[in-house]
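Residues per chain are reported as follows:
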There are 2 protein chains.
Amino acid sequence: MKKITILGIMLALVAIIYAFPAFAGTDDALLGRAKQFFGPLPSAMTSPENPITPEKVKLGKMLFYEWRISSDGTVSCNRCHQFNFYATDALKKSIGVRCRENPRNSPTVLNAADQIAEHWIGNRKSVEDQAKQALLGKASFGMPSYESVVKRLGKLGYGPFFKDAFPGEDDPVSMDNFAKAVGAFERTLVTPSPFDAYLKGNTNALTERQKKGLKTFIDTGCMTCHSGTYVGGQMYQKFGIFAPYWKYTKSGKIDKGRYAVTRNEADRYVFKVPVLRNVEKTAPYFHDGSVDRLEEAVFIMAKIQLGKTLNKERRDDIVAFLNSLTGELSDEILKVPLLPAKD
Amino acid sequence: MKKITILGIMLALVAIIYAFPAFAGTDDALLGRAKQFFGPLPSAMTSPENPITPEKVKLGKMLFYEWRISSDGTVSCNRCHQFNFYATDALKKSIGVRCRENPRNSPTVLNAADQIAEHWIGNRKSVEDQAKQALLGKASFGMPSYESVVKRLGKLGYGPFFKDAFPGEDDPVSMDNFAKAVGAFERTLVTPSPFDAYLKGNTNALTERQKKGLKTFIDTGCMTCHSGTYVGGQMYQKFGIFAPYWKYTKSGKIDKGRYAVTRNEADRYVFKVPVLRNVEKTAPYFHDGSVDRLEEAVFIMAKIQLGKTLNKERRDDIVAFLNSLTGELSDEILKVPLLPAKD
């Protein structure tokens, strides 16, 4: 009798578990589940250390396009983060000064400033830190020293713009202020999408297929890592839990990931979980750009991160949901600034 | 008596000649002289062979930014013609795929489509011809064939955009249509400046210094070559009439100029007279970018083209006038287009 009761309770539980996804098929229930894992974008990605001001953003945007501060005059932030490609460069791995290849794929700078860290292996602590360090990167701007950048900025006529952005400072043209200005600009780069409208309660903002995909995304367990406002960017994770990633991707050289930063064996093949906002528009995929198509990337992720083999329908449902993360780039984001002509 | 009469007439003529510049010092007279040599910009640079349509311009603008049609994925038209630098690249000589250096400085594509030919040595007959030929240039896009470009455009998802731009065509994705679309976009790139307002009769559109400079520009003879709507672009001329150009510039290798096109001895060191619109913003100067500062470029031009040594005042007057050719880049010009994400 006791055994039957326990069996009955277990069966009831199984029934509830099976019933739950069906229940979640209704709009309100699915929205309720989604709200547990995700949130709508803020209007800007603020930081107490670097308050956003219009003057900083204006200067930061100019500096973002300034390629005369690279060693061969062919690299700006915009070189690897072009807004026509949703702030990526559409390359497997970015190419910097003197045609030097970066070790990894260029992530978008849209919706990027609120992550736990920047870069695939988390070796840049903030967008400000990234902007500054890129200047000395051998395969990015390739400048010999920060002093040489500051000198060059002065010659190019940026003095008055730094003065406006950092009022009252004796020596406003500095590397820290460069970082703050570019960072302030990048903190404004948010791209609200249908998914944000949905999370705010407009259940018609997603198509039926996208809602089905959202459910599949959650049920499959993708949100275990890809969660929060940015659908990622909040943790590190080993790439290839159920199988080595290079067995499924078209990677060449094997990348040790965050191990390169920490020298901790536990960080071997560990990467930052990327933000999935605008993922439809930011091919090729993964840290090495080794996969061209989103369908394939989704299949591989389920396979080697969650040990699940998605059939075509479920894979395409998830892709449909991911397309709802494609945001709008404002006229302000898409407008190119004119740069000082002095030299 | 007869001799005295002739002398009298001659003296009167000399007096008139001397009086003329003084007379031209008044606003109306200077404007009258300016109108003999120059004209205001049209709203677009039309061509009967390639009528401008909104659909062609839309497609052409997208293609202008498309760098996935270059051999290493790092060159678009925009790479050498960035609007933040007034559609130049701010380099001495442009750098194309695989870091290959172009033989000459990148001219602006603003106000460029009505010239006798394109490129410094006139080896591109139109903006359409230039757009197309650049694709195969070893130091520009570096593509192996036009067929490979057409194939790539199809894969990238440009089909519907070509169909819209070239309605009724069986096979709209073609190299000729690529050229027409990019050309149509470039034909819209006009930047009206204070000088245009002046030429239309608003004598207050130029400052006193700029008007003095305009007069000096004419009196010195600069308008012998730099004339017309675009203040240049209408003829070829030997660079270095009074002295070899490389004695005054900081040129390295000596460039034979248009001789490379015609193999005619008379074309040795002959270049197209460049358009001077926006010249304030398009440093470095000359076919090889060998001079950084506009003051120096003006001094050299007077010296070796006209055999005149400008003092500082006259040189700076001319620079002041040239600054009145700096035009306004419309929001439309400065807006980056989003590109298809398919591959």
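Residues numbered from 1 in each chain as written. Chains lettered and ligands numbered in written order. Predicted model: local features only at pLDDT ≥ 70, side-chain atom pairs only at ≥ 80, totals over all residues. Heavy atoms only, no water.

A few points about the interface of chain A and chain B
If you look at the interface, chain A gives 32 residues, while chain B gives 32 residues. Each partner contributes to the roughly 2800 Å² buried at the junction of chain A and chain B, and carbon and sulfur atoms together form 63% of this total. Looking at the side of chain A facing chain B, the largest losses of area belong to Trp 67, Asn 84 and Leu 338 of chain A, adding up to 22% of the total buried there. Viewed at the interface, chain B and chain A are joined by 2 salt bridges. In this structure, Lys 335 of chain A engages Asp 331 of chain B in a salt bridge whose closest nitrogen and oxygen atoms are separated by 2.8 Å. Linking chain A with chain B are 8 residue pairs in polar contact (both at pLDDT 80 or more), by the criterion used here. (Contact = heavy atoms within 4.5 Å. Buried area = accessible area lost by both parts, 1.4 Å probe. Salt bridge = Lys/Arg side-chain N within 4 Å of Asp/Glu carboxyl O. Polar contact = N/O pair within 3.5 Å; in protein donor to acceptor, adjacent residues only side chain to side chain.)

Examining the packing of aromatic side chains
All names here are of chain A. One pass over the structure, following the stated rule, counts 38 aromatic pairs over all chains. Measuring from centroid to centroid gives 6.4 Å for Phe 38 and Phe 321, while their planes differ by 45°, and the two rings are tilted. With Phe 38 in the loop between helix H2 (27-37) and helix H3 (54-65) and Phe 321 in helix H13 (residues 312-323), the pair connects residues that are 283 residues apart, well separated along the chain. On the accessibility criterion, Phe 38 (6% relative accessible area) is buried. Residue Phe 321 is classed as buried on the basis of its relative accessible area of 0%. (Phe/Tyr/Trp six-rings, centres within 6.5 Å; stacked < 30°, edge-to-face > 60°. Helix = DSSP H or I, 4+ residues; strand = E, 2+ residues; numbered from the N terminus. Buried < 20%, exposed > 50% of the residue type's maximum accessible area, 1.4 Å probe, protein only.)

Comments concerning unusual backbone geometry
Residue and element names in this part refer to chain A. Residue Ala 283 is joined to Pro 284 through a cis peptide bond whose omega torsion reads -5°. Look at His 119: it is not a glycine, yet its phi comes out positive at around 75°. Tracing the sequence through the fold places His 119 in the loop between helix H4 (77-80) and helix H5 (127-134). One non-glycine residue with positive phi stands out, namely Phe 286, at about 75°. Structurally, Phe 286 can be placed in the loop between strand S2 (270-272) and helix H12 (294-306). For Phe 286, a relative accessible area of 11% corresponds to the buried category.

Observations regarding the pattern of salt bridges
A side chain with one charge can pair with a side chain of the opposite charge if their charged atoms come near. Residues and elements named next belong to chain A. Taken as a whole and judged by the stated rule, the model has 40 salt bridges over all chains. Among the ionic pairs, Arg 209 bridges to Asp 317, the shortest N-O distance being 2.5 Å. Pair noted here: Arg 209 is in helix H10 (residues 208-220) and Asp 317 is in helix H13, with a separation of 108 residues, a long-range link. Given the relative accessible area of 40%, Arg 209 is considered partly exposed. Where Lys 215 meets Asp 219, a salt bridge forms, and the shortest distance between an N and an O atom there is 3.0 Å.

Details of the relation of the copies chain A and chain B
At an RMSD of 0.0 Å, chain A and chain B line up after a rotation of 180° and a shift of 0.0 Å along the axis. What the rotation and shift describe, once combined, is the action of a two-fold rotation axis. Distance from the rotation axis, computed per C-alpha, reaches its smallest value in chain A at Lys 335 of chain A: 2.3 Å. Here 100% of the contact residues of chain A are again contact residues in chain B; the copies associate through an equivalent surface. (Least-squares fit on C-alpha atoms with pLDDT ≥ 70 in both.)

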